[in-house]
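Observations on chain architecture
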Amino acid sequence: MKHYIPESELIINDDGSIFHLHLRPEQLSDRVILVGDPGRVKLVASHFDTIECEVSNREFNTITGSYQGKRISVLSTGIGCDNIDIVMNELDALVNIDFSTRMEKDELRSLSIIRVGTCGGLQPFTPVGTFIASVKSIGFDGLLNYYGHRDEVCDTDCEAAFVKHTSWLSQMPAPYVAVADSSLISRIAGEDMVRGITCACGGFYGPQGRCLRLPLADPELNSKIESFEYDGLQITNFEMESSALAGLSSLLGHKAMTCCMVVANRRAKNTDTNYKNDIDKLILTVLDRI
């Protein structure tokens, strides 16, 4: 049922742009590439044939332009599912809420959103340099649990199996399993990306099993994660945004997926700090297939 959305819930800047992203509705394409690093926006846009607009606010940098006849927006989110909550709700508002009436539009638009990022590999078959497409994402952040109807877009059987397999501690947020759009997976992943389950963590250190000076609540969690299998898939990687992206997109009626390049393999305990030179290959792959 439609309702009026007050100023405190949907904040619109004086120039008609949405609060955090500073984008106006006409500046957003239906094809969206998300990157974490604000500096990576210009790397993606360096392949554009034309640039239509550039907008920046905080960690949210956006460039809209064209690539081989396709209008595309590339936007940086910063790190974490909390930022994805901001980005996804504001992207949806830009296309599906009338800013003049503050009401949901009669005809809703569906965006195609692809996150291009980096991750840590968790299996012997995901060495540094591997491209991974997240078919399912297990959210350790708890974000989707704040939204109604989350069970309708989550694989609850996989959730139950994961909680049982890991003896998940009650002190940690309840994990949720969001599912990427299958049509995007088919088109973007092709035959050259590993398909797997991704763990989207609520932090870089403890939530991903890194132990510096603070002890871990469950020192064996990573080994349990690595041995988990469900419906022919293994957990292939750690990152920090894919679950919120897939879950919120499904709830809002958009298509979304995440593909990442492995820059560290946690099992082999090695990393590539010069990955920025190689991720351009993944960017070009996505641009060609989006």
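Definitions and limits used
- Residues numbered from 1 in each chain as written.
- Predicted model: local features only at pLDDT ≥ 70, side-chain atom pairs only at ≥ 80, totals over all residues.
- Heavy atoms only, no water.
- Helix = DSSP H or I, 4+ residues; strand = E, 2+ residues; numbered from the N terminus.
- Rg over C-alpha atoms; globule rule 2.2 N^0.38 Å.
- Buried < 20%, exposed > 50% of the residue type's maximum accessible area, 1.4 Å probe, protein only.
- Contact = heavy atoms within 4.5 Å.
- Phe/Tyr/Trp six-rings, centres within 6.5 Å; stacked < 30°, edge-to-face > 60°.
- Lys NZ or Arg CZ within 6 Å of the ring centre and 35° of its normal.
- Polar contact = N/O pair within 3.5 Å; in protein donor to acceptor, adjacent residues only side chain to side chain.
- Salt bridge = Lys/Arg side-chain N within 4 Å of Asp/Glu carboxyl O.

Some details on the overall build of the chain
From N to C terminus, the chain includes 7 helices and 14 strands. Here the C-alpha radius of gyration of the chain, 19 Å, is about what a compact globule of 290 residues would show, namely 19 Å. Counting over 290 residues, the chain shows a buried share of 54%. Contacts in the chain between residues at least 24 apart in sequence constitute 76% of all its contacts with a sequence separation of at least 6.

Comments concerning the packing of aromatic side chains
Counted according to the given criterion, the structure contains 5 aromatic pairs. Their ring planes at 25 degrees and their centres at 6.0 Å tell us that F140 and F162 sit as a pair that is stacked. Taken together, the residues F140 in the loop between β8 (131-139) and α3 (156-166) and F162 in helix α3 connect sequence positions 22 residues apart. Judged by relative accessible area, which is 7%, F140 ranks as buried. Here the guanidinium or amino end of R210 rests over the ring plane of F204, the centre of that ring lying 3.8 Å away.

Remarks on unusual backbone geometry
Note: most residues except glycine have negative phi, and most peptide bonds are trans. Backbone geometry at R58 places phi at a positive 55 degrees, although glycine is not the residue there. Mapped onto the elements of the fold, R58 is located in the loop between β2 (50-57) and β3 (60-67). For R58, a relative accessible area of 67% puts it in the exposed group.

Considering the side chain of K136
For K136, the position within the fold is in strand β8. Overall, the relative accessible area of 10% leaves K136 in the buried class. There is a polar contact of 2.9 Å between the side chain of K136 and the side chain of D155. Beyond its immediate sequence surroundings of up to four residues, K136 is in contact with D155, V177, A178, V179, G196, I197, T198, Y230 and L233.

Side note on the pattern of salt bridges
Counted according to the given criterion, the structure contains 12 salt bridges. Of the charged contacts, one joins K136 and D155 as a salt bridge, the two residues approaching to 2.9 Å between their closest N and O atoms. Of the two residues, K136 is situated in strand β8 and D155 in the loop between β8 and α3; the sequence distance between them amounts to 19 residues. Considered together, K136 and D155 belong to a single accessibility category, that of buried residues. Three or more residues are tied together by salt bridges with common partners; here these are R115, E239 and E241.

Purely geometric stuff here, so don't read any function into it on its own.
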